[in-house]
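Residue-level listing of the chains:
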Amino acid sequence: MGSRFNQRDQKRKVNKIYNIAITIVSILIVIVAVSIFLSDDGTDSKKATTEPKQIADTDSGKVADKPSGKEEETDSEKEDAVGDSKAKEEDSGEEDSKATEEDAEDGADPEKAGDAELVEVDGSGDGNVAATYTSEGWKPVGTQQSGEHTTSFEKGSVDWNEMSKAIASGAGIDEGSMKLWWLQNGGSPSTAIGTVSEGDNPKTYRVYIEWVDGSGWKPVKVEELKTNDKR
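Rules used throughout
- Residues numbered from 1 in each chain as written.
- Predicted model: local features only at pLDDT ≥ 70, side-chain atom pairs only at ≥ 80, totals over all residues.
- Heavy atoms only, no water.
- pLDDT = per-residue confidence, 0-100.
- Contact = heavy atoms within 4.5 Å.
- Helix = DSSP H or I, 4+ residues; strand = E, 2+ residues; numbered from the N terminus.
- Phe/Tyr/Trp six-rings, centres within 6.5 Å; stacked < 30°, edge-to-face > 60°.
- Buried < 20%, exposed > 50% of the residue type's maximum accessible area, 1.4 Å probe, protein only.
- Lys NZ or Arg CZ within 6 Å of the ring centre and 35° of its normal.
- Patch = residues over 30% accessible without salt bridge, like charges linked within 9 Å, V, L, I, M, F, W, Y side chains within 5 Å.
- Areas by Shrake-Rupley, 256 points an atom, 1.4 Å probe, with all protein chains shown as cover.
- Salt bridge = Lys/Arg side-chain N within 4 Å of Asp/Glu carboxyl O.
- Expected span 1.5 Å × (residues − 1).
- Pairing = 2+ DSSP bridges.
- Axes fitted to C-alpha atoms, helices over the stretch in contact; angles between N-to-C directions.

### Observations regarding the confidence of the model for the protein chain
Step number 1: Looking at the protein chain as a whole, the pLDDT averages 78, with 63% of positions reaching at least 70.
Step number 2: Within the model, the stretch residues 1–5 combines pLDDT values under 50 with 0 contacts to residues more than four positions away or in other chains.
Step number 3: Under a pLDDT of 50 for its full length, residues 103–113 has, in the predicted model, 28 contacts with residues more than four places off or in other chains.

Right, dumping it as structure tokens:
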């Protein structure tokens, strides 16, 4: 009886030890499993957290860069537009200035002949006269002659050439393109009358000039004719 009791008692002890061991092992297995699970979950969470940040940073950089680029392009386009506008204004100003100078030189408008401001006055009653002008801005054209002056209607003479210059000044026509249709005495030794036009322009002018001692011939009156009566 005693030996059997002892054997049973030993078996109980052994079984208890096995149970305890099994329980400890089970607990360890559970702890390890939980640790591994938590470790994997943490790693995945970190990766998931890091990647969105990188993506967000990348996307943010793209979004930030695009508007910046657009603003730079817009500023550049504005500067180009302003530059083109200024260039057009300058070109337009230069063209207007050139057109004004050319009009002044070619005498297209008799009221702006040369640099003199013309004033329309009453005419002589000649039916062929469309308008009559005079100007306080007309000056003698200068002379190469000295001593007592004698009017010369010899074509090509010094006096003829100086009269032609004064007539061109009065008509507001460039002397190089002026056609002198007629040049005659104006009723006294110190006056003359010339009928002129410019190139193929049908406008014809009758210019009255007078001699100023020591200074040369000077325009005193211009008549714009309806038709060229000396053609």
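### With respect to the environment of S169
Step number 1: Assignment of secondary structure puts S169 in helix α2 (residues 158–171).
Step number 2: Expressed as a C-alpha distance, the spacing of S169 and V141, which sit 28 residues apart in the sequence, is 8.1 Å.
Step number 3: Setting aside anything within four residues of it in sequence, one finds S169 in contact with W138, V141 and P219.

### Re the packing of aromatic side chains
Step number 1: Overall, the coordinates contain 1 aromatic pair when judged by the stated rule.
Step number 2: Note on W211 and W217: the rings are 5.6 Å apart at their centroids and 75 degrees apart in plane angle, and the pair reads as edge-to-face. Across the pair, W217 and W211 agree in class, each one buried.
Step number 3: Taking the ring centre of Y208 as reference, the NZ or CZ of K221 above it sits at 4.4 Å.

### Focus: a nonpolar patch on the surface
Step number 1: Together, I20, I24, I27, L28 and I31 make up an exposed nonpolar region whose accessible area comes to about 460 Å².
Step number 2: Topologically, I31 is positioned in helix α1 (residues 2–106).

### Overview of α2
Step number 1: Helix length check: α2, at 14 residues, gives a terminal C-alpha distance of 20 Å against a target of 20 Å (1.5 Å per residue), a fit within 8%.
Step number 2: Counting buried positions over the 14 residues of α2 gives 10, a clear majority of the element.
Step number 3: Turning to α2, its buried residues number three or more, namely D159, W160, E162, M163, S164, A166, I167, A168, G170 and A171.
Step number 4: Against β3 (178–185), β4 (191–198), β5 (204–212) and β6 (216–225) lie the buried residues of α2.
Step number 5: The positive-phi residue at the C-terminal boundary of α2 is G172, with phi of around 70 degrees.

### Topic: the pairing of β3
The side chains of a regular strand alternate between both faces of the sheet.
Step number 1: Pairing of β3 with β4, which is carried by 7 bridges, proceeds in the antiparallel orientation. Note that in β4 the partner of Q184 across the bridge is I193.

### Let's talk about the sheet that holds β3
Step number 1: With respect to topology, 6 strands assemble into an open sheet ordered β1-β2-β6-β5-β4-β3, the strand pairing being antiparallel. Edge positions in the sheet fall to β1 (119–121) and β3, since each has one partner strand and no second. The average angle at which neighbouring strand axes cross in this sheet is 30 degrees, direction not considered.
Step number 2: Relative to β6, β5 is paired through 9 bridges, and the arrangement is antiparallel. Directly across from Y208, in β6, lies its bridge partner K221.

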